[in-house]
Every structure is written in structure tokens, then in C-alpha cells.
Number of protein chains: 4
Amino acid sequence: MGTKPLDGKKISEDRKEYYGKLRGHSCAPLWENLAHLITPEPVITAIPYLWDYSEIREDLLHSAKVISAEEAERRVLMLENPTLEGKARITESMYAGLQLIMPGEVARAHRHSPAALRFIVEGSGGYTAVNGEKTYMEPGDFIITPSMAWHDHGNDGSDPVIWMDGLDLPLVNHIGAMFMDHYPDEQFPEGQPQGDSSVRYGNNMRPIGEGPDGLDSPIFSYPYSKSRETLEELSKTTEWDPYHGLKLEYIDPTSGGPAMSTISTFLQLLPKGFKTEKYQTTENTTYSVIEGKGRIIVNMGDSTKTIEWEDRDIFVVPCWYPHQLEADENATIFSFSDKVVQTKLGLYREHRGNK
Amino acid sequence: MGTKPLDGKKISEDRKEYYGKLRGHSCAPLWENLAHLITPEPVITAIPYLWDYSEIREDLLHSAKVISAEEAERRVLMLENPTLEGKARITESMYAGLQLIMPGEVARAHRHSPAALRFIVEGSGGYTAVNGEKTYMEPGDFIITPSMAWHDHGNDGSDPVIWMDGLDLPLVNHIGAMFMDHYPDEQFPEGQPQGDSSVRYGNNMRPIGEGPDGLDSPIFSYPYSKSRETLEELSKTTEWDPYHGLKLEYIDPTSGGPAMSTISTFLQLLPKGFKTEKYQTTENTTYSVIEGKGRIIVNMGDSTKTIEWEDRDIFVVPCWYPHQLEADENATIFSFSDKVVQTKLGLYREHRGNK
Amino acid sequence: MGTKPLDGKKISEDRKEYYGKLRGHSCAPLWENLAHLITPEPVITAIPYLWDYSEIREDLLHSAKVISAEEAERRVLMLENPTLEGKARITESMYAGLQLIMPGEVARAHRHSPAALRFIVEGSGGYTAVNGEKTYMEPGDFIITPSMAWHDHGNDGSDPVIWMDGLDLPLVNHIGAMFMDHYPDEQFPEGQPQGDSSVRYGNNMRPIGEGPDGLDSPIFSYPYSKSRETLEELSKTTEWDPYHGLKLEYIDPTSGGPAMSTISTFLQLLPKGFKTEKYQTTENTTYSVIEGKGRIIVNMGDSTKTIEWEDRDIFVVPCWYPHQLEADENATIFSFSDKVVQTKLGLYREHRGNK
Amino acid sequence: MGTKPLDGKKISEDRKEYYGKLRGHSCAPLWENLAHLITPEPVITAIPYLWDYSEIREDLLHSAKVISAEEAERRVLMLENPTLEGKARITESMYAGLQLIMPGEVARAHRHSPAALRFIVEGSGGYTAVNGEKTYMEPGDFIITPSMAWHDHGNDGSDPVIWMDGLDLPLVNHIGAMFMDHYPDEQFPEGQPQGDSSVRYGNNMRPIGEGPDGLDSPIFSYPYSKSRETLEELSKTTEWDPYHGLKLEYIDPTSGGPAMSTISTFLQLLPKGFKTEKYQTTENTTYSVIEGKGRIIVNMGDSTKTIEWEDRDIFVVPCWYPHQLEADENATIFSFSDKVVQTKLGLYREHRGNK
């Protein structure tokens, strides 16, 4: 974005000299950069892209041979948008990875200012403990480890366990407020029994005098068994939204707001044969397919890009790309985005249909 | 941040091959990057730095010879942190520049999703119009042009007018939700008379039934005459805060929150001879000195950096640098930071004193 | 509270004449009334009192012989605090009654500005429909009919159905904002199927773009089967609160606040043998015992009043009476109060233990 | 509201006996009372009424001869709605009185849970101290003494000082949460200097780290000089509201909400010759005329009541009476109501124009 020529015009020698002087004063002329810095509509580097689960799964299982869980601390393949290689970003504002825990392994306790979500893709017997409350995880379950909450993971089962990590890491890096602590022991001391937080806050009641004041949901586990059933039930009584099918947001019942303070999370049902209308949003969205198959058609400006997806694939649609989702079979899809951040900052915008 | 060797260890051939394969799948091993991505404490590229006003002023006045207001659209020198050359950032998360309007010039009407503040440094007769409501500006005045509000500027006086622009541009770019429109005419049609918004919302009353629902203050002009007097009055009845002297935040009286939804803004008084205690904050702060002189002492890890400032200088303290402010004369300093963003996202942290 | 003598002192003839003149001008001397109007601590007319369910039940069943459902519109016995006879108040600020619906009867659709709760005491097959969404009710279920929501009731079962009504009627009467409409037909048209609201908003998810903006919970049915289980589960992992045992508040998951905007509602578990510590609260509370038996010991100033309760009894503790609850068997008790109103208005206060 | 005959029908002997039995059980049949308890529209006891200031002023000055300030504690004439004699209410939900302090007198320090406003009608040199911060008061000034804030009054001038008191006393009495303390000394120790709170919070800035968490405005003095000027300025740029002329609400700049948590307060300008359109509101409003004269025309059902007012008169319009205000001269009127309470509880409603 440096001092590029404006509209390809040649810069005079006088200006060159002047710009050099400015550089020496840690200044630069806005007028040579304005058109790049502030654009009429979003100009996004990240592209729509899909990670084929079978491919990545093989890579991930191979990692268990390349590096021990202990050495890796977290055995994760980062999913990097092809245009953002080396930047640890799946979209401009979000990080995603696939994490593997082999039977008997643990990922030791730590905490950090970036918030993380885990979306379970494969395997049983894996668990996450948040501040000592353990929760066993099944495919489709959505787990939160909020900013600065101690967490560790393990696999008490007999098969590999794989989940998608989603973090607001690029945002925290952008701001700079990065903090991380290792817990002195491998695991955080055992705390409340499994499910305690869900019972305490998730049943539309709560103990008097107990005010979870955090910005994140005290319920940190949203099991698929319940969320899938919710989707199923509502599909019987709700008209399909032309832009989303049936799309639910995970919420924090102690505030009514999004479950996480920096990441919006959704579960979506598209019935067989459904095709959504053209839709644009400033959200940067990462999708993880749970069931079904279909495609996403993205308008790339002059052309159209069609990406075929099936269960367990991960794909992204960055900010402002017009797109349509189409399902060949009943499909349920988990997704996460930066919508909550954009909304808090007054930046969120969407556009329905053609211009 | 790519696949650098972990702790300087040599990567085996097997791994190299594996990593190459991963790169082909738009993946990368987290374990080679974790230590760089998530750090125990903030690792900040930007450095504490000062722009000497007399130097920049000369550069800025020279720009009037190099480029016309019309050609430039905005005649602005961006202040780039020396470590962030070509990135249009004064700190990781913030943009700042110095804007010049010569007598008789105008900067034509446009609007954009990044929010902007103007802090007047020099000259009389300059004005900003926000959605058609004009406000004339004097040194020390703080003006808001909120996200997507139409605004234009001009100089009806006989001397150059210079102000500092502060924008959340890097944040908006990070997220992607960038929008900008030019107004078809040079200036937005004349609207409410000068001062109307301030009278309507700033006198601790407001018309019934009128709910400014925006996230930003409907008062877009905070004149120095009033804010300086507020500081003066309070200094008589308020104990000096050991970390801040007397520091006021500009607020939106329709919500009680910060005046801007993405930028926190402050005015600070340090009495002659006052030296603040050591202080760390995750804020990325840009200071603009109005009156007085003194220095800022910043702990750079092994060493200490002392930066002398005087009136009209601009200096920055990025996230988490321990620092102390010292005034040789009574000093008033305007500053802006990303505190409001960090607070909304649950990332704000400060530390008082030594560790 | 008129112009009573102050402290029993005789009022002089001059003053009498003066006071008479004032009365003619619709004035009165505050100084003759101040001690009665503003007291150091609450001076409450209502007394702690219990309604024996077996007694009231008989009365209520008799009402079916005295008046038809149609003629009565609602076949309800109001529970009036003995000190507030003729005032339709169980405490100063709350209304309660017991409503009976015989098999095959309906209570026709209407709506009103007072908000109502239903707490089911006896019988199966009864239902409430709120804006056309029907919910069948079992003993222990808690149902909300919010302000101005259309509602009707019926009994499709073969036995009498009895529930407690709780309304903010005295508050609405005090303020004056009373509105009521009869629906033109007996029943409101059938709407969403049973349970739809609970699935839509009560499972810690919600459809995107759907913002229930009401002040009351869109979930209007809180079944005992779920709330009792919640209490049971939490009792295993939670220390008994010395003042409340284990006391849960029903919440609105779309805001995190109380389920109703004018009535606070609770479900409480006291284990066998538990006796709470002495406690005072400005709440006016009505209790409905679901299971168990025990007593409440109330400090009446010079003396102590002990009220024995057992399942299905209803009893009240008005504002600021020091009291203790004691359970001879595991007891679950529903209660409602004006705490939410007091909290919103800044008037809520509690005191733990002796003075 | 007791067991009156329903619609004038004679009650049978059987029912009489049954009702007598119910009364013995502290019960009553709702069906005999429903029509009185829940009405289609508000049925209000209080009536529109005016207190002629010259008349009440004479009465008030006479009180200084009848009772000493010390004996009276507060020398106040309560204004009682003619239909609510002996109830200390100017409308169903609000208390108002006129308070006199003679030169040299003080009204000693106390605090209480009811919140109070003072609206100065006559005289200079009077002051109120709130938690030790003194404010001198002039006619037209609006002063808040929030719930449980220590306050005392005095008159350092040479003429009588008279103000209107407005309290939420009936509401607090209704709920029961009444608390009052006398300060051990006559006056609360001197605290911050006059105007400190206004400077600290009222200038659209505030000291960082200082969060007034109260529900009431920390600014407790709203001088008429400033509010009148605000009205004047806005009148030049604002279209007259057909129902209100130009009506401003006093706000708490730390929240953007009403200045008081239980009483809404307004200042209104009606230009000479202006007549508002017919308007109904559930608010119970008390008006105090500052300048001008005119009339209020109230629809009393079958008839119309016209009340002529001039400066310093006080008049009331209870809930839901259709009314119109008309000014013969430019008029400024202060008013207070229970709108904020009704809004918080979801009960507020208004109707514009004829039905």
C-alpha cells in the first residue's frame, strides 16, 4: 500500500524527492493511497475456498507420526486462505484449524486472551475441560473456551478425535492485547461435574444472586443432539428464510446475546433441493458441514465460482462476496463469523438479492 | 509468520516434505508457529514515537505547492509508525494524519464506514459540516464524523488550518466492511445551524420522542473552550490520579458511553512538575499536545526511551509499553485510543506500577 | 392518613381553623402527617398469612355450583390478605387467586395490561393458549400470560383443574394504565403448535433476525418436569444458601433478566431438616408449596408467628418481616414477588441475619 | 371494591351465605369484582385540577406563623387531589407539595427511599445540599434529591423561598420499601463545592474510571438559566410538535435515560397562540407554570373542563384524560410524571388525536 503511483500516472521528480523526505519523517502522502485505503465497496484479499476433509484428515493423521502431542502442545493444522499464506488466517479476521487428539493423549492446560470455539468433526471420547468442568464431545457438538479461561483437552476413547478450532486470533493480534499462561500442571484441577453449567444457566432458570458477569456464555457446551433436535422441531413450524433456510444462532441465555463475545456461531438447515437467494454480508464466515451435500455459488465479479461441499468439509465465504447455498440432500451446517464484532462496532451490513 | 523453524531447531527432511504437501493443501502446522502467534504478553511491532510538529508542519505546507486540494481530495500527511511503513498505521490498530486546508479551499463531501475524529492543531476559520450541520473549529476543538455520516470541510479564514485526523481505518480494513460514497455535489446541502446538535443533546436535556439511536454521539463538536474550562474547574476539587493526572473522557450524553463507538477520546491535564507512576495498558494511544511541555519515559525491555514533547507535537504509545508522563509546565494533552473496542470485546487490560 | 393529631397532642383552635381552610383549597399540612407518610422502616398493613388448600379447594369446587364458567368469565377465588379485605390484594402490591376450570369448560379469550402468571396446583388436561399457542399444564408448571397478550384457558381432561393466578393488578391500578379487550370469538385462532416458543427461544439458540423485543419472556411455559430436574441436579453440586436453600429464578433467555417484567418468579428446594437463617427483604412474596411440609417463623415485632404449611398451601410474607423457613421433609416451593419492580426502581433491599 | 352486586343484580341468599363463608377464609369471588378491577380503559379517581398560586402562597406564608420550621421539620403544604383527600397524593401515583423556607431557617438533614424533586417557584438565596454538595436555587431551577441521598435545605437570603416538592411517595408506599434516617447533626458535612457534579458529569466529559452507578443523574441541579436558553435556542430550529409544542426531557448524561429513576421531568415551551392537538397518555402529570398564561381543556367524558392557568400555578392531568394545552402568551411549563416507571414496566401508552 506504499507510495504507489496514483492511477498509473508517473510521479514527477519533485514529488519523488518530496515523498522521500516525508518517508524520512515517518510520513506519507494520503493522496497517493486514498483510493487503495478507502474503497467504495470491500476489496477483500481472502477468497472463497474449500478444504476437502478427506484430504486434510489424512494430513492430520500423518501429523501424529511427525510430531508428538507433547512436543506440539496442540497438534493442529491451520487452515490458511490461499491468499493469506503464512498469516494463520482462514479469512482476514478469523483463524481456523483442525485439531487431532489421539487416544490417551492430552493437550495440556493453558489460557489465553483469544477466545476459541471447538466444533467436533469426528470421533468419540474426546473431552474439553473449562476451568475444571469437563465435557465429553461428540460430532456436531459446539464447545466454547472463552478468553482467559483455563482449558485442556484429552481423548479417553479408542479412536482419533478431530475438531475444528475457530479463534479470534487475528483480531487480538491486530489490537495487540495478547496474553497467555501455561497452567503449572498438565491439567487444571477437577471442578464442577459435567453438564453443571448447562443445568445452572441453560434451563431458563438460574440461581438467585449468581450473576455470571462475563461477556461469554457460561454454558460452554452446546451438544448437537439438542441443537439438531431444535432445528428439526422448528423446521416443522417455520417458513424457510429465502436467504438462509433455517438458521439458528447460539446464544448466551444470561444476556440474550451471542454465545461468544467476539465470534458469532450458527447452525443451519437446508432441506433437500433448497437454493438460497443471492446474499451479501460483511461477515467473514467459515462453514463446517455436518450432514448433507450441495454447493455454494459465489459471484467473483466477472465470473462465478461453484464449490461443491459434502459432510465434514470446511469452506469459507469472506466479506461481501455475493453467494447462494444449494443443498442436494437435507444438510446441516455449522458456521462462525465476526458478525458480533461488526455489530458492536457499528460496521455490520447485509444486502439481499441483486443490486 | 510462515513455517519458521521452531526455536532455531533444524527441520528434518521428512517434515519439510510434509510441510510442503500441507502448503499445497492450504494448511500449515500450528506447532511451528504457535510460539509466534500466541505470546505470553503482547509482542508489538509499533514503537513509541514522536512527530515533531514544526517539521511536519513545514512538510504539510509544502504539500500545498505539490498538489491542489481538488486533486488530493484530502491534503493529508499520514503519520506512519516507523515500523509500519507503507501500512498507513500510526499504531497497529489506528490511523492518524495531519490535514491541511488553505484559505478558500474545500474538501468535498463524502462518507465512509471508517469513523473519523478531527483534532484542531492550528488556525481559525476552518469548518467541518456533518450531515449539513456546519461547525467552525478552533485549536483544541474535537470534532467527530461518525461512520457513514456525510462530511465536508472548508477554510473561510485567512490562514492555513491544520488538524489531526484519527481513524479506525486499520480496524475496518481488518474486518473488511469498507464502504465509501462521494456526494454528487461538492458540499452537502446546508442543514441545521451551527451548534444545534450540541444544544439539542449536550445540555442534559433532550426533545421527547427523539431517540438518536446511533452508536456515536449526536454531539459532533466538543469545543476546547468548554473542555479546557471543565478540566480547570475539576482540577480544583479532584485529587490527581497518580497514573493519569486529571484525565477526562469525552462521552455521548445519550448513552453515557464513549463519544465514538470505535475510538476512545480523552483530554488530560498534568500540572507543572507532575510525573505519573509507571503504567501499562493494552490501549494503543496517540497523543496530541495542546499546551505545555515535558517528556514520556517508556520502558523498552532492557532499555528506557525518553521522548521530549511540547505543544502541537504528536506521539504514540502502543499497547503494553510501560510508561510515565512528566510535565515541565502545566500541560493539556488530547489523546485517542482503541480502548472502547477492546472493552466491548473483553480484551482491555491495564497494569499499575511495577510487576 | 388525614389530618390526625401529631403524637396525640391536641390541635389548637387556630390550627383547626387554618387546617379547615387548607382543606377547602385541597391542601393539607405535611407536618401533621410526615411521621405516618415517611417511616424509618416499612410499616406494612398486610400480614403474614396462610390459605389452607383443602379449605379453599372445597370453597372453589362449591363455586362451580354457584356460578357457571360463562357467567363468571373467570371462576376465581381472590385471596385477600386479612388486613386488606375488599381490596383484591394478597399483599400490598400483588394480587393472587385460585382459578378453577371444570372438565369441558373454557375461559374465553381476552387480554389486559396487567400481566398474569398461572401456577398449576391440581389436575391434568387444562390448557392455556397465549396468542393462539396452546400449552397443556400439569401441577408445578409455571405459565406466563404477558401484558396485552391474548389468552384463553380450557380443560380437556376429566377432572377439575385448579391453578393459582398471580397478577400485578394492584400496581397497574395504582398507576392507572389499565386496558382490557375481549376477543370477539370465544377462543383466539389456533397459532403455533404446543412447545414452539420453548423450542424457538428456550434451547440456548434462536432464529437469526428474530428479535422478540418484548419485556417478557417469549417462553411462556416452564414445565415442572424440567424445573424440578434442574433443582435436583443443582442440589448435588451446589452448597445450600443459608438464607434460601437452593432458590432458582425463572429467566427470560432473550435478555437474561426475569421471565416477567413486573413479577419475579422462583422455585426453591429446602432439604429435609433445613432451616434458613433470619432474613428480611423488601419483596412482597407469595409462596405456593408443591411438595413437602414445614413452617415459616415470622418475627412480628414483639412476638413470633409460626405458620405450618404443607403441599398446595399458599402463604405470604409481606415486605420486611424477618422470617425463617423450615422444612420437615424435602420441600419444593414456588414463589412470586415484586422484586423485579423494586430493582428497576432502585428500591430493593435485603438484610441478612439479626440487626 | 368489596362484594358489590354485579351489575346491580340482586345476590341470592345462597350466594350471600357462600360469600360470607369465603370472607371467613380471606377469600372473595372475583366474578363479583372483575368488572371493577379490570376495566377496558383507565378508570381514574383523581381529577384534573388547578392550585391557584396566589391562594396557596398566602396559606403557605401563614403556616410560618402557625408552626416553626424546627417543629415542622419540613414546612410543606401537601397538594391533594380533591378526590384523594387524606391520601397525600396529587395524582394516584404521585405526591406534590409546596415548601416554604423563611430567611435564616434550615430544614435539617435526612434521607429516605422515596426520591424527591424540587422545582423552585419563588425567592432567591435558598439552597439544597445533596450529600454535602450545596446548590443555590433560583426560580425555574430543577433539583434532584435521589433515593437515600442525604439532603438538607436552607435560606441564606432575605425573602421567603418557595418550591414545589414532587415525590414518588405513593409508589414507595404501595410497594412498602420505605426507609428514612435522620442525620445526627442538623446539616450534613460540607462536601464538594457548588456546581462540582455538573462540571464533572454535565459537560459531555467525565473523569476516567469514575462510574456513577446510581440509577439517578449525578447532576442534581438543572438551572433554569441554562434550560430556558436551551428551549429558546431549539425553538428557532425545531418544528413545533402538534401535541407538545417544544418539550424537553431532563436526562442523566451518564446513561442517556431520564434524570430520575422513578420520576420523568420535562420543560416545555408553548408559543403565544399555540394550541396542542387532543392527546391522551397513561402518564399522571403535574404541571408547574413558570412563565405565561393560557388554559387546559380536558375531556371529562360527556363534558369538557377548561382550566385557566398563569405563571406559578400548579395543575394536574391524571392518566388518560384527553386534553389540549393552549397558550395566550409565550409559556414555559415544568412538569413531572410517572412515565419512566410505566416505561420500565411496559405499561406506558399514548394516543394522539380523536378516536
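Structure: see above.
Residues numbered from 1 in each chain as written. Chains lettered and ligands numbered in written order. Predicted model: local features only at pLDDT ≥ 70, side-chain atom pairs only at ≥ 80, totals over all residues. Heavy atoms only, no water.

Side note on the packing of helix α1 (residues 13-24) of chain C against helix α3 (residues 53-66) of chain D
So, step 1. Contact pair α1(C) / α3(D): the axes reach a minimum separation of 11 Å and the direction vectors enclose 160°. For the element pair α1(C) / α3(D), the angle class is roughly antiparallel. Note on packing geometry: the crossing formed by α1(C) with α3(D) is left-handed. Counted together, Arg15(C), Tyr18(C), Lys21(C) and Leu22(C) of α1(C) and Glu58(D), Asp59(D), Leu60(D), His62(D), Ser63(D) and Val66(D) of α3(D) form the full contact between these two elements. (Axes fitted to C-alpha atoms, helices over the stretch in contact; angles between N-to-C directions. Helix = DSSP H or I, 4+ residues; strand = E, 2+ residues; numbered from the N terminus. Parallel < 35°, antiparallel > 145°, perpendicular 65-115°, else oblique. Left-handed = near helix turned anticlockwise from the far one by under 90°. Contact = heavy atoms within 4.5 Å.)

Some thoughts on the relation of the copies chain D and chain B
So, step 1. Rotating chain D by 180° about the axis while translating it 0.0 Å along that axis superimposes it on chain B, leaving an RMSD of 0.0 Å. What we have between these two chains is a two-fold relation.
So, step 2. Looking at chain D, 100% of its interface residues are interface residues in chain B too, so the copies touch through the same face. (Least-squares fit on C-alpha atoms with pLDDT ≥ 70 in both.)

So, the interface of chain B and chain A
So, step 1. Counting from both sides, the interface comprises 85 residues of chain B and, opposite them, 85 residues of chain A.
So, step 2. For the pair chain B and chain A, the summed buried area comes to about 7,200 Å², and 65% of that belongs to carbon and sulfur atoms.
So, step 3. In this structure, the connection of chain B to chain A is made through six salt bridges.
So, step 4. Summed over the shared surface of chain B and chain A, the result is 29 residue pairs in polar contact (both at pLDDT 80 or more).
So, step 5. The element that contributes the greatest number of residues to the side of chain B that touches chain A is helix α3 (residues 53-66) of chain B, accounting for eight residues.
So, step 6. Of the residues assigned to the side of chain B that touches chain A, the class counts are 44 nonpolar, 22 polar and 19 charged.
So, step 7. One ladder, built from three bridges, connects strand β3 (residues 76-79) of chain A with strand β1 (residues 27-29) of chain B; its direction is antiparallel. If you follow Leu77(A) over to β1(B), its bridge partner there is Pro29(B). (Buried area = accessible area lost by both parts, 1.4 Å probe. Salt bridge = Lys/Arg side-chain N within 4 Å of Asp/Glu carboxyl O. Polar contact = N/O pair within 3.5 Å; in protein donor to acceptor, adjacent residues only side chain to side chain. Nonpolar A, V, L, I, M, F, W, Y, C, P; charged D, E, K, R; others polar. Pairing = 2+ DSSP bridges.)

Observations regarding the pattern of salt bridges
So, step 1. Overall, the coordinates contain 72 salt bridges over all chains when judged by the stated rule.
So, step 2. A salt bridge links Arg15(C) to Glu32(C), with the nearest nitrogen and oxygen atoms 3.9 Å apart. Taken as a pair, Arg15(C) in helix α1 and Glu32(C) in the loop between β1 (27-29) and α2 (34-37) lie far apart in primary sequence, 17 residues in all. The burial state of Arg15(C) is the same as that of Glu32(C); both residues are buried.
So, step 3. Here Glu105(D) ties to Arg75(D) by a salt bridge, and the two come within 2.7 Å at their closest N and O atoms. Linking Glu105(D) in the loop between β4 (95-101) and β5 (106-112) with Arg75(D) in the loop between α4 (69-72) and β3 (76-79), this pair joins segments that are 30 residues apart in sequence.
So, step 4. Using a relative accessible area of 18% as the deciding quantity, one classes Glu105(D) as buried.
So, step 5. By relative accessible area, which is 3% here, Arg75(D) ends up buried.
So, step 6. Beyond isolated ion pairs, a larger network of salt bridges with shared partners links Arg295(A), Glu308(A), Glu326(A) and Asp328(A). (Buried < 20%, exposed > 50% of the residue type's maximum accessible area, 1.4 Å probe, protein only.)

Section: the packing of aromatic side chains
So, step 1. If you walk through the whole model with that rule in mind, you get 72 aromatic pairs over all chains.
So, step 2. Note on Phe142(B) and Tyr250(B): the rings are 4.6 Å apart at their centroids and 55° apart in plane angle, and the pair reads as tilted. In this pair, Phe142(B) sits in strand β9 (residues 142-145) while Tyr250(B) sits in strand β15 (residues 246-250), placing the two residues 108 residues apart along the sequence. Across the pair, exposure class does not vary: Phe142(B) and Tyr250(B) are buried alike.
So, step 3. With a centroid separation of 4.0 Å and an interplanar angle of 10°, the aromatic rings of Phe119(C) and Phe334(C) are classed as stacked. Residue Phe119(C) is found in strand β6 (residues 116-122), and its partner Phe334(C) is found in strand β23 (residues 331-337); the two are separated by 215 residues along the sequence. Side by side, Phe119(C) and Phe334(C) carry an identical accessibility label, which is buried.
So, step 4. Across from the ring centre of Phe266(A), 4.5 Å away, lies the NZ or CZ of Lys247(A), which sits over that ring.
So, step 5. Across the ring face of Tyr127(C), the terminal group of Lys134(C) is positioned such that the distance to the ring centre comes to 4.3 Å. (Phe/Tyr/Trp six-rings, centres within 6.5 Å; stacked < 30°, edge-to-face > 60°. Lys NZ or Arg CZ within 6 Å of the ring centre and 35° of its normal.)

What to know about the interface of chain D and chain B
So, step 1. Taken residue by residue, the interface counts 34 residues in chain D and 34 residues in chain B.
So, step 2. Here chain D packs against chain B, burying approximately 3,000 Å² in sum over the two surfaces, 63% of which is carbon and sulfur.
So, step 3. Among the residues of chain D in contact with chain B, Asn204(D), Met205(D) and Ile208(D) are the three that bury the most area, contributing 27% of the side total.
So, step 4. For the pair chain D and chain B, the number of links is zero salt bridges.
So, step 5. Take the side of chain D that touches chain B: its biggest share by element is six residues, from helix α7 (residues 224-237) of chain D.
So, step 6. Here the side of chain D that touches chain B is composed, by residue class, of 14 nonpolar, twelve polar and eight charged.
So, step 7. Here three bridges tie β15(B) to strand β13 (residues 205-207) of chain D, and the two strands are oriented antiparallel to one another.

Some words on the pairing of strand β10 (residues 151-155) of chain D
Residue and element names in this part refer to chain D.
So, step 1. Most of β10 is tucked away, with five of its five residues classed as buried.
So, step 2. Burial along β10 is two-sided: the residues His 151, His 153 and Asn 155 and Asp 152 and Gly 154 are all buried.
So, step 3. Bridge count for β5 against β10 is three bridges, and the pairing is antiparallel. Across the sheet, residue Val 106 finds its bridge partner in β10, namely Gly 154.
So, step 4. Looking at chain direction, strand β7 (residues 126-130) and β10 are connected through five bridges and run antiparallel. Paired with Gly 126 across the two strands is Asn 155, which belongs to β10.

Notes on the relation of the copies chain B and chain A
So, step 1. Each copy superposes on the other: chain B lies on chain A with an RMSD of 0.0 Å after a rotation of 180° and an axial shift of 0.0 Å.
So, step 2. A high fraction, 100%, of the interface residues of chain B reappear at the interface in chain A, so the copies pair face to face through one surface.

Some remarks on the sheet that holds β3(A)
So, step 1. On the basis of which strands lie adjacent, the open sheet formed by seven strands has the order β14(A)-β9(A)-β6(A)-β11(A)-β4(A)-β3(A)-β1(B) and antiparallel pairing. Both outer strands of the open sheet, β14 (221-222) of chain A together with β1 of chain B, are each paired with one neighbouring strand and no more.
So, step 2. With seven bridges connecting them, strand β4 (residues 95-101) of chain A and strand β11 (residues 161-167) of chain A associate as antiparallel partners. The partner of Tyr95(A) across the bridge, within β11(A), is Leu167(A).
So, step 3. Where helix α3 (residues 53-66) of chain A meets the sheet, it contacts β3, β4, β6 (116-122) and β11 of chain A together with β1 of chain B, and its direction lies at approximately 55° from that of β4(A).
So, step 4. Against the sheet, helix α1 (residues 13-24) of chain B makes contact with β3 of chain A together with β1 of chain B, and its axis sits at roughly 145° relative to β1(B), the strand it touches most.

Observations regarding the environment of Thr281(C)
All names here are of chain C.
So, step 1. You can see Thr 281 is positioned in strand β17 (residues 279-281).
So, step 2. Considering only alpha carbons, one finds Thr 281 and Arg 349, 68 residues apart in sequence, at a separation of 5.9 Å.
So, step 3. Each residue touching Thr 281, except ones within four places of it in the same chain, is listed here: Cys 319, Trp 320, His 323, Tyr 348, Arg 349 and Glu 350.
So, step 4. Of the polar contacts made by the side chain of Thr 281, one reaches the side chain of Glu 283; its length is 3.0 Å.

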